[in-house]
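Listed here are the chains, written in short residue letters.
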There are 2 protein chains.
Amino acid sequence: MTTALIALDWGTSRLRAYRVDSRGAIEARRTLDCGISCLPAGGFATALADACADWLAAAPHAPLIASGMVGSRQGWLEAPYVQCPATLDDLAAGLTEVELTEVACAAGRVLYIVAGVSMDGGRMPDVMRGEETQVIGAASAMESVCMESACVVLPGTHSKWVDYAHGSISSFATHMTGEVFALLRGHSILSVLMEGDGYDAQAFGDGVMAGQEAGCGGGLLHRLFGVRTLTLFGRLAPHAGASYLSGLLIGAEIAAAVEHGYGAGAIVLLGSEDLIERYRVAFALLRMQAVAGPDDAAPAGLTRIAQRAGLISIDRPL
Amino acid sequence: MTTALIALDWGTSRLRAYRVDSRGAIEARRTLDCGISCLPAGGFATALADACADWLAAAPHAPLIASGMVGSRQGWLEAPYVQCPATLDDLAAGLTEVELTEVACAAGRVLYIVAGVSMDGGRMPDVMRGEETQVIGAASAMESVCMESACVVLPGTHSKWVDYAHGSISSFATHMTGEVFALLRGHSILSVLMEGDGYDAQAFGDGVMAGQEAGCGGGLLHRLFGVRTLTLFGRLAPHAGASYLSGLLIGAEIAAAVEHGYGAGAIVLLGSEDLIERYRVAFALLRMQAVAGPDDAAPAGLTRIAQRAGLISIDRPL
């Protein structure tokens, strides 16, 4: 099978490279700790070579496409944002080209970078880079299931809630849940009260319910102190503290997102297995249903965008 | 004038010592970086001697009283909590005695530690140590003004909102505002976007209004991301970023506290001048009125509690 596309999911911490064949299937994959925050100045070309010099040599005509923070101001080249509502056509038309003249293993070739998506709801602008591609990929893979209209939730350091309907990303919002968890878990007065990071289902569930109360009607800054006082009064075991805090923040995130109109219909979760499981539990406790989306949403999205941009033709419709 | 009392406001970071005369006035004061988190194991006796060995020698009959984290589990001796509603009588009756047998400069004397106050609203317990004494002191100093019934707000690392009415602390709530600010200012992805910590009134006010929206109806984890996106889109100058973040968190704290029934009547602010000024501005923006409480609320409260406990008699009523 011919290699049709070299697809890169290039974020802050990691570079995930995929070799895609002419039917749109993944032939090979590699993950490198070469996220844009880990690279020295000018380190993009070296990282690209490390990731796929052999693929490039073996497939001299395969186009290269990338999504994620590689297109940010701190990335290889800043790719302008496409505004919401954003369709597959908008993303295909919004590719930014990096001439790879200085990359020995790819001289004369071009790297296409997918635009980020921005939104300005008036209250504050919001942005994403990479998640739009995952949403497109999930929509492509799940078309027959429920993606006619769905809210795609991508939990993580900066969780994204993305409303997708009729082929368009209509709105989205970022919640700094994972980052705030890491700060409080690692660096706050609460951190010494928590022992380990094992999962405790009861404490997580209690946290989710407390977080929902905090999310509806404020009080998150107050309820966080509960990690301390519940431990002090013996109502939260130290080994369960991190689970409670995790639930508290995830519950607050979900409550706030719902308050802002997200998640009324089908909910699709994309992300790491562990996080998806936690969010599934949280949604269930809050009497909402969420299904796990497909694996490999990013390469599926990159392939779909490359196809729509006319960079490749795929033997079977994706 | 005879020294009637040696009063210690002994918190996490600092030890503030006061020599109080027989009219209840402060004769002398010292601040040492000997908070309980700064001391080696068994370092309390040494810190006490550093703070006031000469005062102890000069006034061999003056009782010693302390409030704050010195009475916590990590303090000199754990002083049990008095439950809400807590009156001056409850605090006077709830003093815990530390025999100073091992303290050369105070052999045979006793250190009285003021109880912390706890509250269990059902949702989560809450605790304070030291603030109850400041509230008693402020009430004592402001009796004629507005303290018949007031909400005392003590901004800081862990802000306290304390409802005080008819001589009793009726309820209170802690908000981790200052600590979350420090974590986000110092260690988050937002920190690199902020330049300096100068005060920008416009950005602070914008933050307060955004925080109020976040506090009412959740969304704090979302609105925090606004520090990034507003900067990215040139709507928030880097030098004003920290002011916006400060306003956002303070606004969220106030909105949540109000939502939980605090601050409907008179509001009295106790704390550092800078923080009090920020909260005054925030309250004004939210169409609430707050007045600054008296300086030296802690020694005034310690004196009042010592007096009510019969440890001292004061020549004029406090």
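On a predicted model such as this, the values are computed, not experimentally measured, just so you know.

1. Section: the overall build of chain A
- Secondary structure assignment for chain A yields 10 helices and 15 strands.
- A compact globule built from 318 residues would reach a C-alpha radius of gyration of about 20 Å, and chain A, at 21 Å, matches this within 12%.
- With respect to the principal axes defined by its C-alpha atoms, chain A has extents near 65 × 40 × 35 Å.
- By residue count, 58% of the 318 residues in chain A fall in the buried class.
- In chain A, once contacts between residues fewer than 6 apart in sequence are set aside, the share between residues at least 24 apart is 64%.
- Put simply, chain A shows about 12400 Å² of open surface, and 49% of that area lies on carbon and sulfur atoms.
- Looking at chain A, you have 21 positive and 33 negative side-chain charges, and the mean spots of the two groups are 3 Å apart.

2. Section: the sheet that holds strand β14 (residues 266-269) of chain B
All names here are of chain B.
- Read across the open sheet, the 6 strands follow the order β6-β13-β12-β11-β14-β15; overall the sheet is mixed. In the strand order of this sheet, the two ends are held by β6 (86-87) and β15 (291-292), each with one partner.
- Bridge analysis of strand β12 (residues 159-165) against strand β13 (residues 168-175) gives 7 bridges, and the strand direction is antiparallel. The partner of Ser159 across the bridge, within β13, is His175.
- Relative to the sheet, helix α3 (residues 131-142) contacts β11 (149-154), β12, β13, β14 and β15, its axis offset from that of β12 by approximately 45°.
- Together, β12 and β13 form the strand contacts of helix α8 (residues 241-259), whose direction differs from that of β12 by roughly 35°.

3. Observations concerning the packing of helix α4 (residues 177-187) of chain A against helix α8 (residues 241-259) of chain A
Residue and element names in this part refer to chain A.
- Two elements in contact, α4 and α8, have axes separated by 10 Å at closest approach and are oriented at 150°. By the criterion of interaxial angle, the relationship of α4 to α8 is roughly antiparallel. Every pair of crossing elements has a handedness; the one defined by α4 and α8 is right-handed. Counting all contacts with α4, which are made through Thr177, Val180, Phe181, Leu184 and Arg185, the residues of α8 involved are Ala242, Leu245, Ser246, Leu249, Ile250 and Glu253.
- Looking at the contact of α4 with α8, its residues break down into 7 nonpolar, 2 polar and 2 charged.

4. Notes on the pairing of strand β4 (residues 64-67) of chain B
All names here are of chain B.
- Because side chains alternate across β4, one face comprises the buried residues Leu64 and Ala66, and the other comprises Ile65 and Ser67, equally buried.
- Sheet analysis places strand β1 (residues 3-10) next to β4, joined by 4 bridges and oriented parallel. By the bridge assignment for β4, Ala7 is matched with Ile65.
- Both β4 and strand β8 (residues 110-113) contribute to a ladder of 3 bridges, which runs parallel.

5. Looking at the packing of aromatic side chains
- This structure, assessed with the given rule, holds 12 aromatic pairs over all chains.
- Here the aromatic rings of Phe233 of chain A and Tyr81 of chain B are separated by 6.0 Å at their centres, their planes lie at 35°, and the arrangement is tilted. In this pair, Phe233 of chain A sits in the loop between α7 (226-232) and α8 while Tyr81 of chain B sits in the loop between β4 and β5 (82-83), so the two residues belong to two different chains.
- Both rings, one in Phe44 of chain B and one in Trp76 of chain B, keep their centres 5.6 Å apart while their planes meet at 20°; by these two values the pair is stacked. Note that Phe44 of chain B is positioned in helix α1 (residues 44-58) and Trp76 of chain B in the loop between β4 and β5, a separation of 32 residues in sequence.
- Members of the aromatic cluster, connected to one another through ring pairs, are Trp10, Phe44 and Trp76 of chain A.
- The ring of Tyr81 of chain A has Arg129 of chain A sitting right over it, with the charged end atom 4.2 Å from the ring centre.

6. Comments concerning the relation of the copies chain B and chain A
- Least-squares fitting of chain B to chain A yields an RMSD of 0.0 Å, with the superposition described by an axial translation of 0.0 Å and a rotation of 180°. When the rotation and shift are considered jointly, the pair of chain copies conforms to a two-fold rotation axis.
- Same-surface contact between copies: 100% of interface residues of chain B are shared with the interface of chain A.

7. A look at helix α10 (residues 297-308) of chain A
Residue and element names in this part refer to chain A.
- If you check α10, its first and last C-alpha atoms are 16 Å apart, about what 12 residues at 1.5 Å a residue would give, namely 16 Å.
- Here α10 lies mainly inside the structure; 9 of its 12 residues are buried.
- Buried within α10 are the following residues: Ala297, Ala298, Pro299, Gly301, Leu302, Thr303, Arg304, Ile305 and Ala306.
- Against the buried residues of α10 lie β1 (3-10), β2 (15-21), β3 (26-32), β4 (64-67), α2 (88-93) and α3 (131-142).
- Directly beyond the C-terminal end of α10, a positive phi value near 80° is found at Gly310.

Criteria and thresholds
- Residues numbered from 1 in each chain as written.
- Chains lettered and ligands numbered in written order.
- Predicted model: local features only at pLDDT ≥ 70, side-chain atom pairs only at ≥ 80, totals over all residues.
- Heavy atoms only, no water.
- Helix = DSSP H or I, 4+ residues; strand = E, 2+ residues; numbered from the N terminus.
- Rg over C-alpha atoms; globule rule 2.2 N^0.38 Å.
- Buried < 20%, exposed > 50% of the residue type's maximum accessible area, 1.4 Å probe, protein only.
- Contact = heavy atoms within 4.5 Å.
- Areas by Shrake-Rupley, 256 points an atom, 1.4 Å probe, with all protein chains shown as cover.
- Lys, Arg positive; Asp, Glu negative; His and termini not counted.
- Charge placed at Lys NZ, Arg CZ, Asp CG, Glu CD.
- Pairing = 2+ DSSP bridges.
- Axes fitted to C-alpha atoms, helices over the stretch in contact; angles between N-to-C directions.
- Parallel < 35°, antiparallel > 145°, perpendicular 65-115°, else oblique.
- Left-handed = near helix turned anticlockwise from the far one by under 90°.
- Nonpolar A, V, L, I, M, F, W, Y, C, P; charged D, E, K, R; others polar.
- Phe/Tyr/Trp six-rings, centres within 6.5 Å; stacked < 30°, edge-to-face > 60°.
- Lys NZ or Arg CZ within 6 Å of the ring centre and 35° of its normal.
- Least-squares fit on C-alpha atoms with pLDDT ≥ 70 in both.
- Expected span 1.5 Å × (residues − 1).

Such coordinate-based values are descriptive only and should not be taken to indicate function.
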